[in-house]
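Results of the structural survey
Residue strings, one per chain:
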Amino acid sequence: MTFHYPGTHNGVEAFGYTFAPGKKYLLTSASGGGKSTVAQLVAGLYRCEAGTVEYPCTLRSAREVLYVPQQAHVFQDTLRNNLALGEDFTEDAMHEALRACCLTEFLAGLPNGLDEVLRDRYACSGGEAARLGLARAILRRPRVLICDEVTAHLDGATAQQIDALLTALPGVLLLNVSHKISEAAAGRYDEVLRLENGRLVESGPPPARNRRQGAG
């Protein structure tokens, strides 16, 4: 697929890849290399100039493909409504999503719990907003999950926990975009894709995974 931002030569020059259902993919490049553009094209937020995006599974609804940006929007509303966005979820499901996304401490600091309005002193930080966006997505059990630098504002330990969560999601095709990730974290993925100037220049199993397979 090919895409350029209006009036520029910036975008994606040539990206072609077949993703397998349920597999976990890490997409990386230097800043400005095109990784976020590819993620948004795959998510359907942009339309390709040439080529198409086809999903390797039969989707029942658009909600089965979810895109999580680096910093999700947080409404001046309750935490409950920020998670549900008008849909029905049990409190247990909400608590589990918050726990999985390392937001248990944030929840414990809200006097009214899920019913606390997120504004002023209880507003989310950048990292908390990113994890809230991820919790929204996990609640909806997507079949295709596209994460765009969701750990960029997190400390190392929390980023590792979130990365472990993402790569362990059963049956989910994950495309995780990151410009910086440790070798240990990269080893959790089935494939690592590297872009340069909007072009796919390298793809294959991460070195850590190759070493584990070779040792067996």
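What you see is a predicted model; the values in this text were computed from it and never measured.

The computed volume of the largest pocket comes to approximately 340 Å³. Around the largest pocket sit 14 residues that line it, and Glu96, Ile138, Leu139, Arg141 and Leu169 are the ones nearest its centre. With five residues, helix H3 (residues 91–100) is the largest single contributor of residues to the lining of the largest pocket. Looking at the lining of the largest pocket residue by residue, the classes come out as eleven nonpolar, no polar and three charged.

Helix H6 (residues 156–167) packs onto helix H5 (residues 126–139) with a crossing angle of 15 degrees between their chain directions and a minimal axis gap of 13 Å. As far as their axial angle goes, H6 and H5 are roughly parallel. H5 and H6 meet at a crossing whose hand is left-handed. Counted together, Arg131, Leu134 and Ile138 of H5 and Thr158, Ile162, Leu165 and Leu166 of H6 form the full contact between these two elements. Taken together, the residues of the contact of H5 with H6 sort by class into five nonpolar, one polar and one charged.

Inspection of the secondary structure puts lysine 35 in helix H1 (residues 35–42). Given the relative accessible area of 6%, lysine 35 is considered buried. Remark: the alpha-carbon pair of lysine 35 and glutamate 149, spanning 114 residues in sequence, is separated by 9.7 Å. When neighbours within four sequence positions are excluded, lysine 35 is seen to be in contact with Leu27, Thr28, Ser29, Ala30, Glu149, Val177, Ser178, His179 and Leu195. Within the structure, the side chain of lysine 35 is placed 3.5 Å from the backbone oxygen of alanine 30, a separation counted as a polar contact.

Another point: the side chain of threonine 28. Tracing the backbone through its elements, the reader meets threonine 28 in strand S3 (residues 24–28). Given a relative accessible area of 16%, threonine 28 falls into the buried group. Among all residues touching threonine 28, those that are not within four sequence positions of it are Lys35, Ser178, His179, Val192, Leu193, Arg194 and Leu195.

This part is about the pairing of strand S5 (residues 144–148). Counting buried residues along S5, five of its five residues qualify, which places the element largely inside the surrounding structure. Relative to S5, strand S4 (residues 65–68) runs parallel, the two sharing four bridges. Each bridged residue has a counterpart across the sheet, and for tyrosine 67 the counterpart in S5 is isoleucine 146. As paired strands, S5 and strand S6 (residues 173–177) are joined by five bridges and run parallel to one another. If you follow cysteine 147 over to S6, its bridge partner there is asparagine 176. You can see the chain leave S5, run along H6 and come back into S6, and the turn it takes is right-handed.

Counted according to the given criterion, the structure contains nine salt bridges. As a salt-bridge pair, lysine 35 and glutamate 149 come within 3.9 Å of each other at their nearest N and O atoms. Of this pair, lysine 35 sits in helix H1 while glutamate 149 is found in the loop between S5 and H6, placing the two residues 114 residues apart along the sequence. One salt bridge connects glutamate 64 with arginine 143, and the closest N-O pair in it is separated by 3.9 Å. Of this pair, glutamate 64 sits in the loop between H1 and S4 while arginine 143 sits in the loop between H5 and S5, placing them 79 residues apart in sequence. Using a relative accessible area of 8% as the deciding quantity, one classes glutamate 64 as buried. With relative accessibility at 27%, the residue arginine 143 sits in the partly exposed group. What you see here is one network of salt bridges that share partners, running through Arg80, Glu91 and Asp115.

Conventions adopted
One numbering rule holds for all chains: residues counted from 1, following each sequence as written. Only residues with pLDDT of 70 or above have their local features reported here, since the model is predicted, and side-chain atom pairs are shown and tallied only from 80 upward, although totals for entire chains, interfaces and linings are computed over all residues. Note that the side-chain values use all heavy atoms of the structure and ignore hydrogens as well as water. With a 1 Å grid laid over protein atoms only, a set of points is called a cavity when a 1.4 Å probe fits there but cannot get out and a pocket when it is open yet has protein on both sides within 12 Å along at least five of seven lines; lining residues have an atom within 4 Å of a point. Grid points are joined across faces, edges and corners, and a volume is the space filled by probe spheres set on the points. Numbering of helices and strands runs from the N terminus; a helix is a DSSP stretch of H or I covering at least four residues, while a strand is a stretch of E covering at least two. All amino acids are sorted into three groups, where Ala, Val, Leu, Ile, Met, Phe, Trp, Tyr, Cys and Pro are nonpolar, Asp, Glu, Lys and Arg are charged, and the leftover types, Gly among them, are polar. To get an axis, fit a line to the C-alpha atoms, keeping to the stretch in contact for a helix; angles then go from 0 to 180 degrees between the N-to-C directions. An angle below 35 degrees is read as roughly parallel, one above 145 as roughly antiparallel, one from 65 to 115 as roughly perpendicular, and any other as oblique. Left-handed describes a crossing whose near helix is turned anticlockwise from the far helix by less than a right angle; the clockwise case is right-handed. Any two residues whose heavy atoms approach within 4.5 Å are treated as being in contact. When accessible area is computed with a 1.4 Å probe and restricted to protein chains, residues below 20% of their type maximum are described as buried, those above 50% as exposed, and intermediate ones as partly exposed. Polar contact is the term for a pair of N or O atoms within 3.5 Å; when the atoms are in protein, one must be able to donate a hydrogen and the other to accept it, and sequence-neighboring residues count only if both atoms are side-chain atoms. Strands pair, by our definition, only if DSSP identifies at least two bridges between them. Assignment of crossover handedness uses the view with strands pointing away from the viewer, where a clockwise path from the first strand over the helix to the second indicates a right-handed crossover. The salt bridge criterion pairs a side-chain nitrogen of Lys or Arg with a carboxyl oxygen of Asp or Glu, the two atoms within 4 Å.

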